Amino acid sequence: MFAGCEIIKLFTYMKYLLLTFIGVAMMLNSGAQEKVLTMEDAVLGYHLYPKNLYIQWQGEKNVLTYAKGPELIGENADDGEKKVIMTVDELNRILGSDLKGWPQYTWKDGKTLVIMRQGKLTEIDVDKKVLLNSFVLAQGAQNVVSNGKELVAYTKGNNLFYVDANGNEFAVTDDKDLNIVNGQSVSRNEFGIHGGIFWSPDGKKLAFYRKDESLVGTFPLLDINTRTGSLREIKYPMTGMKSEQISLGVYHVASGKTVFLDVDDFGREQYLTNIAWGPASDYIYVQVLDRAQKHMHLNQYEARTGKFVKTLLKEQNDKYVEPLTPIVFLKNEPSKFIYRTNNRDGYFNLYLVDANSGKVLKRITDVEADVEMLGQDGKAVYYTSAEVSPVDNHLFKVELKSGKKTRLTQAEGWHKVTMSNDMKYFVDNYSSLNVPRVIHLMRNDGNRVKELLKAENPTKDYNFGEITMGTVKTADGKFDNYYRLIKPMNFDSSRKYPVIVYVYGGPHSQMVKNTWQGELRRWEMYMAQHGYVVFVMDNRGTSNRGAEFEKAIHGQCGQAEMADQMEGIRFLKSLPYVDADRIGVHGWSYGGFMTISLITNHPEVFKVAVAGGPVIDWKWYEVMYGERYMDSPNTNAAGYEKTSLIRKAKDLKGKLLICQGAIDNVVVWEHSLSFIRECIKNNVQVDYFPYPCAEHNVFGKDRIHLMQKVTDYFEDYLK
């Protein structure tokens with residue numbers, strides 16, 4: 001009897017322990033899934049992004065390389081062999097440094113590693129593990145570009161220099177007038193321009209931009225870091241006003257002489273874009289654009305003399321022509337080149353052109369979708385495109401001779417591809433709405449070699465609201481606009497929730513993609529965790545949808561975009577859990593322009609808005625971007641008047657907060673301060689918060705303050 005009672009007690013106790021263990025485990029599991037973002041997580045939470053491998057191909061070898069701890073690893077794509085190329089200790093011995101991990105690096109060729117740090121560009125033989133060259137750059141050197149051989153060019157101040165491996169520095173230009181700038185990017189980085197130094201393939205000639213800003217107006221930026229404050233004036237060419245004058249010089253290393261290209265197609269303020277060298281280094285090809293951006297000439301010039309040879313292609317469009325890509329010569333047939341434009345068949349497609357006559361031989365990519373070329377081997381062209389879906393990005397191969405096309409990536413989502421030098425392999429790095437990241441090594445026939453990485457979901461312990469993607473018709477009914485929608489944390493279908501519309505809506509943007517969590521910005525999920533529905537939609541005017549979709553905004557920026565966003569609002573109002581009386585909007589830059597446009601044009605819909613760095617009137621914006629989409633104030637006065645937000649200040653009814661970097665050199669202070677002044681004149685209340693040391697965007701810990709300011713505004717006045 002006693003023994004039986006003890007057994008029963010023991011069983012009961014063990015059952016109690018088991019139930020307790022299960023309960024604790026459930027509580028821990030439940031707690032793990034209930035984590036919420038802090039503002040620091042939302043802004044600087046890099047640990048919440050999926051694991052990645054930063055892979056580079058080893059020059060011309062089919063070996064992919066990446067840093068792993070203290071080692072630089074190489075994997076041979078042909079046979080799968082994996083080895084340590086170099087350790088950090090070996091690198092430190094060569095550099096005389098004390099690095100703890102691998103710095104950024106590039107490959108010059110299959111055996112030469114290139115590292116740029118502390119004012120030196122260093123070339124290392126990884127086979128022999130010895131120093132090959134060390135280029136000591138002058139203090140203040142910027143825009144560093146190697147010729148791939150024994151010379152490195154760079155800019156100091158407004159002049160251009162180069163240095164050899166012996167440390168000898170040579171001046172290419174010596175302009176004392178600070179209005180003359182050499183070797184730097186021009187045209188405010190429009191037209192695909194991302195630099196001002198262009199070495200010839202043989203490394204013996206150096207082409208460079210020369211910018212004359214003598215007639216360009218200035219705008220003062222206030223520096224409060226000095227004892228009494230000081231002004232820093234920047235050159236800022238506003239629409240309808242004088243712009244910079246661009247020329248292209250060619251410096252010959254052997255003679256030390258410079259010639260300038262004889263470019264005289266459209267007068268003083270023409271744009272010189274998409275510089276390309278011929279394979280033999282004897283000719284330079286330039287896409288010359290008129291200031292109105294309605295005519296483009298693809299011209300050939302003699303590098304030795306700078307003389308004009310001929311115009312190979314011309315483009316014309318009543319709205320605008322926007323060249324973005326230099327021509328690319330075929331590897332095995334240099335008498336032909338590949339040319340990309342969206343002005344011929346309505347989409348960015350690739351065309352094969354005879355380099356002697358300029359005759360278009362064929363349309364390489366015959367698809368109704370925008371494409372981006374990744375490479376070519378002379379026999380086939382490899383490109384990514386939106387032809388499967390505008391929110392997906394896939395790799396294709398098209399054979400030049402037959403036109404046969406092969407899709408090389410199959411999994412849904414957005415594929416970022418890095419081709420090997422010979423195009424035999426590629427690294428496929430992709431994600432989709434519910435797939436954090438997968439990286440595969442692939443052959444050029446689409447067959448997988450191996451899986452390099454399958455990332456776990458780094459937010460699995462967080463209580464995230466459901467993310468969905470879908471489409472809403474454009475206001476004209478011609479297209480589908482893609483959106484992402486985030487439901488609040490712990491969603492209750494019987495409740496009514498406030499909504500925040502996050503908007504950008506401007507050219508060269510795509511906010512909604514079939515990437516992991518739908519291209520989510522962490523702050524959006526932060527707001528969803530605080531009880532908001534968050535809605536983001538791309539409208540007409542954004543990229544990757546063809547010329548008609550993008551150019552719908554021409555001459556009246558904000559109008560088609562607003563019409564489309566209001567279709568999104570109609571969709572939101574149809575959802576039973578949306579509180580139509582509590583809709584807010586937030587955006588920055590073009591999105592700031594859209595934010596104020598929406599709350600002033602539709603005060604009955606939007607109750608609260610936060611606009612950052614907003615364009616207020618396009619007459620105060622830069623020439624290159626502003627005149628592309630709005631023409632000149634002299635030729636489109638009605639359009640400028642219609643889109644100006646100065647005239648809309650009196651219509652502001654809801655709560656509006658404007659945030660602005662006080663030294664913004666992109667959307668200058670003239671915009672937001674003028675809007676504030678107009679609100680004062682009309683006795684309209686508005687809130688304003690400047691960031692004294694921020695330029696166009698607010699970064700780092702200052703951004704935590706900014707996003708808390710934005711959040712508090714919605715919490716105080718919308719929720």
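All of these numbers come straight from a predicted model, not from anything done at the bench. (Residues numbered from 1 in each chain as written. Predicted model: local features only at pLDDT ≥ 70, side-chain atom pairs only at ≥ 80, totals over all residues. Heavy atoms only, no water.)

> With reference to specific residues and values, describe the packing of aromatic side chains.
Tallied over the full model, the rule gives 31 aromatic pairs. The interplanar angle of 20° and the centroid separation of 6.3 Å between the aromatic rings of Y154 and F161 together place this pair among those described as stacked. F161 shares its class with Y154; the two are buried. Between W618 and Y621, the ring centres sit 5.5 Å apart and the planes meet at 85°, which makes this aromatic pair edge-to-face. Taking relative accessible area as the criterion, W618 reaches 1% and is therefore assigned buried. An aromatic cluster of three or more residues is present, and its members are Y320, Y504, Y590, F593, W618, Y621, Y625 and Y629. Its end group placed over the ring of F396, K405 keeps NZ or CZ at 5.4 Å from the ring centre. (Phe/Tyr/Trp six-rings, centres within 6.5 Å; stacked < 30°, edge-to-face > 60°. Buried < 20%, exposed > 50% of the residue type's maximum accessible area, 1.4 Å probe, protein only. Lys NZ or Arg CZ within 6 Å of the ring centre and 35° of its normal.)

> Talk me through the side chain of E123; I want residue IDs and the actual numbers.
Mapped onto the fold, E123 is located in strand β7 (residues 120-125). A polar contact of 3.2 Å, which involves the side chain of E123, links it to the side chain of K108. Ignoring any residue separated from it by four or fewer positions in sequence, one finds E123 in contact with K108, T112, L113, V114, L131, L132, N133, F135, S146 and K149. (Helix = DSSP H or I, 4+ residues; strand = E, 2+ residues; numbered from the N terminus. Polar contact = N/O pair within 3.5 Å; in protein donor to acceptor, adjacent residues only side chain to side chain. Contact = heavy atoms within 4.5 Å.)

> Outline the nonpolar core, listing residues and values.
Residues V501, F606, W618, L656 and F675 are the most contacted members of the largest nonpolar core, which totals 60 residues. Counting residues per element, this core draws most heavily on helix α7 (residues 590-601), which supplies six residues. Those residues within four positions of V501 in sequence are excluded, and the remaining contacts are F535, Q565, I569, L572, I583, G584, V585, H586 and F606. In this structure, Y271, W277, M296 and L312 belong to the second largest nonpolar core, which totals 36 residues. (Core = buried A, V, L, I, M, F, W, Y, C linked by side-chain atoms within 4.5 Å.)

> Tell me what's going on with the sheet that holds strand β28 (residues 371-376), and back it up with residues and numbers.
Within a sheet, each strand pairs with its neighbour through backbone hydrogen bonds, oriented either parallel or antiparallel. The strand order across the open sheet formed by four strands is β28-β29-β30-β31, and the pairing between neighbours is antiparallel. Lying at the two open borders of the sheet, with one neighbouring strand each, are β28 and β31 (405-407). When strand polarity is set aside, the average angle formed by the axes of neighbouring strands in this sheet is 25°. Of the pairings in the sheet, the one linking strand β29 (residues 380-385) to strand β30 (residues 394-399) comprises six bridges and is antiparallel in character. By the bridge assignment for β30, Y383 is matched with F396. (Pairing = 2+ DSSP bridges. Axes fitted to C-alpha atoms, helices over the stretch in contact; angles between N-to-C directions.)

> With reference to specific residues and values, describe the sheet that holds strand β25 (residues 336-341).
Taken in spatial order, the four strands line up as β24-β25-β26-β27 in an open sheet, and their pairing is antiparallel. Here the strands that pair on one side only, and so sit at the sheet edges, are β24 (328-329) and β27 (360-363). Note: β25 against strand β26 (residues 349-354), six bridges, orientation antiparallel. Across the sheet, K336 pairs through a bridge with D354, a residue of β26.

That's the geometry; what it means functionally is another story.
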